[in-house]
Every structure is written in C-alpha cells, then in structure tokens.
Amino acid sequence: MKVTVTGGFKTQRTYTESIAKFCADLLMSKRLQKNIEIEIQLVPNLMKKEEVYGDSCWEDNNWRPREFSIRADSKLRMRRMLETIAHEMVHVKQFAKGEMVDLATSDKIRWCGKMFEEKESNYYDYPWEIEAHGKEIGLFVRWAQENKLSKQPWTKNEDYAEIKQ
C-alpha cells in the first residue's frame, strides 16, 4: 500500500502514515493492500471551514476503487485527528472491498447490496457510518498500544476521564 501524507507538521505526518498502515493491516488483506494508494492531506481548520473533522473519497473508479484521498483537520487535537484517520480508513476498506458503492450519477449509495438515498436519513444512522464510528476509537487505542504511546497524555480520552470521575 502506498500512503502519501502532506500538510501538518512532521509528527502529525509520521503518526498519520503509521495509523493508516496499521488500520489497513487490520481491515484489509495483504493482497488488497498491495493495490491501494492513499493520499492524505492534513488541512488546517477543516472543521471551521466545512464542518467536518475529515472525509475520504475514491479517485479512480466507484466500483472497488484502488486510489483514495483522505483529508483530516490538522488543527484538531492529535488524538481526535488520528481517530479521524482511522474512521476514514474504515471507509477506504468499505469502498475497496465493494461493501459500499457510491453511485456517482445520483445521490445513492449501495451498502452490502441495499440502496440508500443520501440525505434520506440522519448521518449517524447510515450503516457505513455506524461501522466507522464504532471502530475508530478501538483502532486508535490498539495503534497507540502497539506503538508504545498509550501512556502519553495526548492519547488519553479526556471525555471518558470526565465521565469516569
């Protein structure tokens, strides 16, 4: 798998490439990974400008694409930015394996054979978003543990710490 990261600062780029490859190892077969190219852009103030932490899209073909672009807000806290990369890597897997097909000529998405009209439902109710949101934190935590970063203060989930007390 070829991953190119632009923008942000050096540590952000290094961690972004690392978590993207880690997620690919957990989400996709080695055979599939060999044919995947991902360009990741770390964009400042994406949330302020477009109201998204990040996004992903295929660049070559809507049926089992192999070339992707991901954007993530480089002004987010490091953990949130890397969770966003993990979230978008789930979408890369969904597209690459043909689980999700973006019907480019309409506002429809085919998910595991079932058609969905975009904007017909709440964002959080789409099955592809349920999977991506459901996996992003676990992928981040496993990546942090694997890379011996889980004791770093920035890897802690501050929201959870507040609830726990």
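The rules behind the values
Residues numbered from 1 in each chain as written. Predicted model: local features only at pLDDT ≥ 70, side-chain atom pairs only at ≥ 80, totals over all residues. Heavy atoms only, no water. Disulfide = S-S within 2.5 Å. Pairing = 2+ DSSP bridges. Helix = DSSP H or I, 4+ residues; strand = E, 2+ residues; numbered from the N terminus. Axes fitted to C-alpha atoms, helices over the stretch in contact; angles between N-to-C directions. Contact = heavy atoms within 4.5 Å. Expected span 1.5 Å × (residues − 1). Buried < 20%, exposed > 50% of the residue type's maximum accessible area, 1.4 Å probe, protein only. Salt bridge = Lys/Arg side-chain N within 4 Å of Asp/Glu carboxyl O.

(A) Looking closely at the state of the cysteines. Taken as a whole and assessed by the stated rule, the structure comprises zero disulfides. There is no disulfide at Cys23, and the cysteine sulfur nearest it, in Cys57, is 18 Å away.

(B) Quick look at the sheet that holds strand 3 (residues 54-58). Taken together, the four strands give an open sheet; going across it, the order is 1-2-4-3, and neighbouring strands pair in mixed fashion. Two strands lie at the open edges of the sheet, namely strand 1 (2-7) and strand 3, each paired on one side alone. Taking the axes of each pair of neighbouring strands and ignoring which way they run, one obtains an average angle of 15 degrees across the sheet. By the bridge criterion, five bridges tie strand 3 to strand 4 (residues 67-73) in an arrangement that is antiparallel. Bridge pairing in strand 4 places Trp58 opposite Phe68. Lying on the sheet, helix 1 (residues 10-27) is in contact with strand 1 and strand 2 (37-43); it crosses strand 1 at an angle near 150 degrees.

(C) Spotlight on helix 1. Taking 1.5 Å as the rise per residue, helix 1 with 18 residues should run 26 Å; its terminal C-alpha atoms sit 26 Å apart, in good agreement. Burial in helix 1 covers these residues: Gln12, Tyr15, Thr16, Ile19, Ala20, Phe22, Cys23, Ala24 and Leu27. For helix 1, the elements touching its buried residues are strand 1, helix 2 (30-33), strand 2, helix 4 (78-96) and helix 5 (127-146).

(D) Up close: the pattern of salt bridges. If you walk through the whole model with that rule in mind, you get 10 salt bridges. The partner of Lys30 in a salt bridge is Asp25, and the shortest N-O contact between them spans 2.8 Å. A network of salt bridges, in which partner residues are shared, links Arg79, Arg80, Glu83 and Glu136.

(E) Region of the structure containing the pairing of strand 2. Of the two faces of strand 2, only one is covered, namely that formed by Ile38, Ile40 and Leu42; the face formed by Glu37, Glu39, Gln41 and Val43 stays uncovered. Bridge count between strand 1 and strand 2: six bridges; the pairing is parallel. By the bridge assignment for strand 2, Val5 is matched with Ile40. With seven bridges connecting them, strand 2 and strand 4 associate as parallel partners.

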